[in-house]
Amino acid sequence: VIGFVYATVMESSAIQGTVGKMLLGIAVTDASGNRITFEQSAKRYFSKILSYITFLFGFFIAGFTNKKQTLHDIVSKSLVIRKSRWLQYQQLTMPV
């Protein structure tokens, strides 16, 4: 229960990830780079079970998808991105 609350609250917060993700400079976003909802975060958390019961296949597929998404990212319609690259992209596409 504590893991669920921690992960879903942190990923759907303005921080967009757990402390570990924050230290690595990565964030969980939706397809447009926006913050995910609590519902999306909960789907992401529980759909990780699919990755585990398929002998970690759900994690390995990240190496073969265009957006490097795991199974739980696909199910929850989310992405994990490097914050620095996303900030660079936003700066390039911002109207002046």
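Anything mentioned here points back to the structure above.
Residues numbered from 1 in each chain as written. Predicted model: local features only at pLDDT ≥ 70, side-chain atom pairs only at ≥ 80, totals over all residues. Heavy atoms only, no water.

### Comments concerning the packing of helix α1 (residues 2-11) against helix α3 (residues 38-53)
Part 1: Contact geometry of α1 with α3 gives a least axis separation of 8 Å together with a crossing angle of 135°. Accordingly, the angle class assigned to the pair α1 and α3 is oblique. The two elements α1 and α3 meet at a crossing, and its hand is right-handed. Across the interface between the two elements, Gly3, Phe4, Ala7, Thr8, Val9 and Glu11 of α1 pack against Phe38, Ser41, Ala42, Arg44, Tyr45 and Phe46 of α3.
Part 2: Split into classes, the residues belonging to the contact of α1 with α3 amount to 7 nonpolar, 3 polar and 2 charged. (Axes fitted to C-alpha atoms, helices over the stretch in contact; angles between N-to-C directions. Helix = DSSP H or I, 4+ residues; strand = E, 2+ residues; numbered from the N terminus. Parallel < 35°, antiparallel > 145°, perpendicular 65-115°, else oblique. Left-handed = near helix turned anticlockwise from the far one by under 90°. Contact = heavy atoms within 4.5 Å. Nonpolar A, V, L, I, M, F, W, Y, C, P; charged D, E, K, R; others polar.)

### Re the side chain of Ser12
Part 1: Looking at where Ser12 falls in the secondary structure, it is placed in the loop between α1 and α2 (19-24).
Part 2: Every residue in contact with Ser12, bar those within four places of it in the chain, is listed here: Arg35, Ile36, Thr37, Phe38 and Ser41.

### Here we look at α3
Part 1: In a regular helix each residue adds 1.5 Å, so 16 residues correspond to 22 Å; α3 covers 24 Å between its end C-alpha atoms and thus fits that length.
Part 2: For α3, the set of buried residues is Gln40, Ser41, Ala42, Arg44, Ser47 and Ser51.
Part 3: Against α1, α2, β1 (26-30), α4 (57-60), α5 (71-76) and β2 (78-82) lie the buried residues of α3.
Part 4: At the exit of α3 stands Phe55, carrying a positive phi of roughly 55°. (Expected span 1.5 Å × (residues − 1). Buried < 20%, exposed > 50% of the residue type's maximum accessible area, 1.4 Å probe, protein only.)

### Some remarks on the pattern of salt bridges
Part 1: This model, assessed by the stated rule, comprises 4 salt bridges.
Part 2: The residue Lys43 makes a salt bridge to Glu39 at a minimum N-O spacing of 3.8 Å. Taken as a pair, Lys43 and Glu39 lie in helix α3 at a separation of 4 residues, close to a single helical turn.
Part 3: Lys43 sits in the partly exposed class, given a relative accessible area of 42%. (Salt bridge = Lys/Arg side-chain N within 4 Å of Asp/Glu carboxyl O.)

### Topic: the packing of aromatic side chains
Part 1: Enumeration over the complete set of coordinates arrives at 5 aromatic pairs.
Part 2: For the ring pair Tyr45 and Phe46, a centre distance of 5.3 Å and an interplane angle of 90° mean the geometry is edge-to-face.
Part 3: For Phe46, a relative accessible area of 46% puts it in the partly exposed group.
Part 4: Chaining the aromatic ring pairs together yields one cluster made of Phe4, Phe38, Tyr45 and Phe46. (Phe/Tyr/Trp six-rings, centres within 6.5 Å; stacked < 30°, edge-to-face > 60°.)

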